[in-house]
Structure formats: C-alpha cells, structure tokens
Amino acid sequence: MFKCKQASQLVSRALDKKLSMRERFTLKLHLLMCKHCSRVSQQLNTLNVAISSIGKTIEDDASITLPPETKNRISQ
C-alpha cells in the first residue's frame, strides 16, 4: 500500500513538475482515502498560490527599489 510519506513527496513534487499518469492515479487514490494527506495537499497548494501571488505583487511594485550594490551582488 502507498504510504503517507510517499504521498507527501508526490504532492510536493507535483508543485514543481508534472507527475506520470501512474503517480497521479496513485496519489489521487491515496488522497481520497487519507484525510490527513488530503489536508496537507490542500495546504501546500494554498501556500503555493499565496507565495506566487506575493511574488508577482512585489515584482510589479515600482516603489520597491534596491541599492545598486545590492543589485550587483544579486546578479553576481
């Protein structure tokens, strides 16, 4: 049987890349049966959306500026 540790690893990996059909099926089946992993999956997805949103907001905010030294250090 698929374990919660494996499920949480797949949930995390799914945020970065597309899972294989077998991995998606196995994960979906586990999430249907395990309320704890289902909750972890929802929480990770919520965090991912929130962090992406914050990142876009910061990138679009013209009032945020960095000193030239910091920009140079980051680009190096």
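For the structure, see preceding data.
Computed from a predicted model, the values in this text were never measured in an experiment.

(A) Looking closely at helix α2 (residues 21-33). In a regular helix each residue adds 1.5 Å, so 13 residues correspond to 18 Å; α2 covers 19 Å between its end C-alpha atoms and thus fits that length. As for α2, its buried residues are in contact with α1 (4-16) and α3 (35-60).

(B) Spatial organisation of the side chain of His30. Considering the arrangement of structural elements, one finds His30 in helix α2. Classification of His30 by relative accessible area gives buried; the value is 5%. Within polar-contact distance, the side chain of His30 engages the backbone oxygen of Phe2 at 3.5 Å.

(C) Representation of the environment of Ser63 within the structure. Residue placement: Ser63 occurs in the loop between α3 and α4 (68-75). For Ser63, a relative accessible area of 60% corresponds to the exposed category. In this structure the C-alpha to C-alpha distance between Ser63 and Val49, which are 14 residues apart in sequence, comes to 23 Å.

(D) Examining the packing of α2 against α3 more closely. Two elements in contact, α2 and α3, have axes whose closest approach is 5 Å; the angle formed by their N-to-C orientations is 115°. Judged by the inter-axis angle, α2 sits roughly perpendicular to α3. The crossing of α2 and α3 is left-handed. In contact with His30, Leu31 and Met33 of α2, α3 contributes Lys35, Cys37, Ser38 and Ser41. Grouping the amino acids of the contact of α2 with α3 by side-chain chemistry returns 3 nonpolar, 3 polar and 1 charged.

(E) Examining the pattern of salt bridges more closely. Enumeration over the complete set of coordinates arrives at 1 salt bridge. Measuring nitrogen to oxygen at the nearest pair gives 3.0 Å for the salt bridge that ties Arg13 to Glu23. Placement of the pair is Arg13 in helix α1 and Glu23 in helix α2, with a sequence separation of 10 residues. Arg13 gets classed as partly exposed once you look at its relative accessible area, which sits at 33%. What makes Glu23 partly exposed here is its relative accessible area of 22%.

Parameters at a glance
Residues numbered from 1 in each chain as written. Predicted model: local features only at pLDDT ≥ 70, side-chain atom pairs only at ≥ 80, totals over all residues. Heavy atoms only, no water. Helix = DSSP H or I, 4+ residues; strand = E, 2+ residues; numbered from the N terminus. Expected span 1.5 Å × (residues − 1). Contact = heavy atoms within 4.5 Å. Buried < 20%, exposed > 50% of the residue type's maximum accessible area, 1.4 Å probe, protein only. Polar contact = N/O pair within 3.5 Å; in protein donor to acceptor, adjacent residues only side chain to side chain. Axes fitted to C-alpha atoms, helices over the stretch in contact; angles between N-to-C directions. Parallel < 35°, antiparallel > 145°, perpendicular 65-115°, else oblique. Left-handed = near helix turned anticlockwise from the far one by under 90°. Nonpolar A, V, L, I, M, F, W, Y, C, P; charged D, E, K, R; others polar. Salt bridge = Lys/Arg side-chain N within 4 Å of Asp/Glu carboxyl O.

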